[in-house]
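This is what each chain is made of:
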Amino acid sequence: MGSGFSKMKKQAKALQEQFADMQEELQNMRVTGSAGNGLVEVLMNGDKEVLEIKINPDCVDKDDLEGLQDLLVAALKDANEKVKEQSPDNDLGGLGLPFGM
């Protein structure tokens, strides 16, 4: 029992280190989502926190705020998709967790 438990403890520690590395990678990841051919851009980190929003003044029309709102939503969705695609948690299957956790 002793050597099996020791092996499990080592595996758990290695898994914790992998998760910590993944968390750091997500914090450092930067993606830019855009909409309207770059009229609106959103910078987001891997934790899906919005870091910056850039709006081209050409798309600001007080009579069409709905259009600007739509561009913002589209840029946020684009950034969110890019985070999903680039996220290291897509590789969790390689960690040997049951049921793809």
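Scroll up to find the structure.
Being a predicted model, the structure only gives us computed values, none of them experimental.

Burial of strand 1 (residues 30-35) is one-sided: the residues Val31, Gly33 and Ala35 facing one way are buried, the residues Arg30, Thr32 and Ser34 facing the other way are not. Two strands pair when backbone bridges link them, and strand 1 and strand 2 (residues 40-45) are joined in this way by 6 bridges, in the antiparallel orientation. Along strand 2, the bridge assignment pairs Gly33 with Val42.

A separate point is the sheet that holds strand 2. A sheet is described by the order of its strands in space; here 3 strands give the open sequence 1-2-3, paired in antiparallel fashion. One side of each edge strand has no neighbouring strand; the edge strands of this open sheet are strand 1 and strand 3 (50-55). On average, adjacent strands in this sheet sit at an angle of 15° to one another, irrespective of strand direction. Along the sheet, helix 2 (residues 65-86) contacts strand 1, strand 2 and strand 3; its crossing angle with strand 1, the most-contacted strand, is approximately 145°.

Time to look at a negative patch on the surface. On the surface, Asp61, Asp63, Asp64, Glu66 and Asp70 cluster together into a patch of negative charge. Within the element layout of this structure, Glu66 appears in helix 2. When its relative accessible area of 57% is taken as the criterion, Glu66 is described as exposed.

So, on to unusual backbone geometry. Although it is not a glycine, Asn37 sits at a positive phi angle of roughly 55°. Looking at the element boundaries, Asn37 is found in the loop between strand 1 and strand 2. Even without being glycine, Lys48 reaches a positive phi, approximately 65°. With respect to the element layout, Lys48 can be found in the loop between strand 2 and strand 3. Relative accessible area serves as the criterion here: at 41%, Lys48 is assigned to the partly exposed category.

So, about the side chain of Asn45. By the element assignment, Asn45 lies in strand 2. For Asn45, a relative accessible area of 2% translates into the label buried. Only 2.9 Å separates the side chain of Asn45 from the backbone nitrogen of Asp47, close enough to count as a polar contact. Ignoring sequence-local partners within four residues, the contact set of Asn45 consists of Leu26, Gln27, Met29, Arg30, Leu51 and Val83.

Thresholds applied
- Residues numbered from 1 in each chain as written.
- Predicted model: local features only at pLDDT ≥ 70, side-chain atom pairs only at ≥ 80, totals over all residues.
- Heavy atoms only, no water.
- Buried < 20%, exposed > 50% of the residue type's maximum accessible area, 1.4 Å probe, protein only.
- Helix = DSSP H or I, 4+ residues; strand = E, 2+ residues; numbered from the N terminus.
- Pairing = 2+ DSSP bridges.
- Axes fitted to C-alpha atoms, helices over the stretch in contact; angles between N-to-C directions.
- Contact = heavy atoms within 4.5 Å.
- Patch = residues over 30% accessible without salt bridge, like charges linked within 9 Å, V, L, I, M, F, W, Y side chains within 5 Å.
- Areas by Shrake-Rupley, 256 points an atom, 1.4 Å probe, with all protein chains shown as cover.
- Salt bridge = Lys/Arg side-chain N within 4 Å of Asp/Glu carboxyl O.
- Lys, Arg positive; Asp, Glu negative; His and termini not counted.
- Charge placed at Lys NZ, Arg CZ, Asp CG, Glu CD.
- Polar contact = N/O pair within 3.5 Å; in protein donor to acceptor, adjacent residues only side chain to side chain.

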